[in-house]
Protein chains: 2
Amino acid sequence: MEATLDLIGGQWKGVILFRLGEGTKRFNELQKLLKRVTPRSLTRQLRELENDGLIVRKVYAEVPPKVEYSLSDKGRTLGPVIGALIDWGNTHAL
Amino acid sequence: MEATLDLIGGQWKGVILFRLGEGTKRFNELQKLLKRVTPRSLTRQLRELENDGLIVRKVYAEVPPKVEYSLSDKGRTLGPVIGALIDWGNTHAL
DNA sequence: CGGCATCCTTTTTGATACTG
DNA sequence: CAGTATCAAAAAGGATGCCG
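Residues numbered from 1 in each chain as written. Chains lettered and ligands numbered in written order. Predicted model: local features only at pLDDT ≥ 70, side-chain atom pairs only at ≥ 80, totals over all residues. Heavy atoms only, no water.

An unreviewed UniProt entry lists chain A under the name Transcriptional regulator, HxlR family, with Roseovarius marisflavi as the source organism.

So this is what it looks like as structure tokens:
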């Protein structure tokens, strides 16, 4: 369980995973959805999620650049966990 | 969900919650169960969990001192969440 | 036994500016 | 658009020692 928390415990990782659960998103879209995140932080969280194999980063060789992020198969297995977190939060939020 | 992660996202909080789910524990017992945690860190995590109303701290006015930690009613509602985290970790651990 | 105080090092985060 | 670079600041964590 410590391992699981390490994977989703980052400041923004939970929300990123949740948002990507809704569908593929571009860097810019994520940045708008996660108010108050700096590009630097967002980049780092995305890289960690990618290294952990939870999300997939797809780069299009275009101008202007286009990068899409989506859940990997492994990332999708987190669905129930994310769901449990959200349910509890909705029920017990201050 | 960010709120939920804040509550259980600390370095040791998940394990503490899990262990207290097994039953009431004393400070010393927790320290033994959580290898490598320093008293300072353990104290701080316990205080935060207490302030969040997830655990109960009971002090006995004895010599030597005795302090017991246990889950609060609110803390017990986290059971399914903890369970989901553990299940996922067991299934997908490296 | 169950801490708190102090000091120090490591890790994380933010703000701002700039680039392929 | 999707980042990187750099600096500064804050938060977290460990080590050690002392106390009621």
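Don't stop here, the text continues.
Caption draft 1: Focus on unusual backbone geometry. Note the cis peptide between V63 of chain A and P64 of chain A, where omega equals 0 degrees. Inspection of the secondary structure assignment puts P64 of chain A in the loop between strand 2 (55–60) and strand 3 (66–71). (Helix = DSSP H or I, 4+ residues; strand = E, 2+ residues; numbered from the N terminus.)

Caption draft 2: The sheet that holds strand 3 of chain A, seen in detail. Residue and element names in this part refer to chain A. Here three strands make up an open sheet; going across it, the order is 1-3-2 and the pairing antiparallel. Because the sheet does not close on itself, it has two edges, and the strands there are strand 1 (25–26) and strand 2. In this structure, strand 2 lies alongside strand 3, joined through six bridges in antiparallel fashion. Counterpart to Y60 in the pairing with strand 3 is K66. (Pairing = 2+ DSSP bridges.)

Caption draft 3: Geometry of the protein's contact with DNA strand C. Near DNA strand C, the surroundings consist of 19 residues, among which R26, N28, T43, R57 and Y69 of chain B are the closest. Atoms of DNA strand C within 4 Å of the protein: sugar and phosphate make up 69%, bases the balance. N28 of chain B is positioned with one of its backbone polar atoms (N or O) 3.0 Å from a phosphate oxygen of DNA strand C. A distance of 3.3 Å is found between a sugar or linking oxygen of DNA strand C and a backbone nitrogen or oxygen belonging to P65 of chain B. Looking at the surface near DNA strand C, the elements that each hand over two or more residues are helix 4 (39–51) of chain A together with helix 3 (27–33), helix 4 (39–51) and strand 3 (66–71) of chain B. The element that contributes the greatest number of residues to the surface near DNA strand C is helix 4 of chain A, accounting for four residues. Grouping the constituent residues of the surface near DNA strand C by class yields six nonpolar, six polar and seven charged. (Near = heavy atom within 4 Å. Polar contact = N/O pair within 3.5 Å; in protein donor to acceptor, adjacent residues only side chain to side chain. Nonpolar A, V, L, I, M, F, W, Y, C, P; charged D, E, K, R; others polar.)

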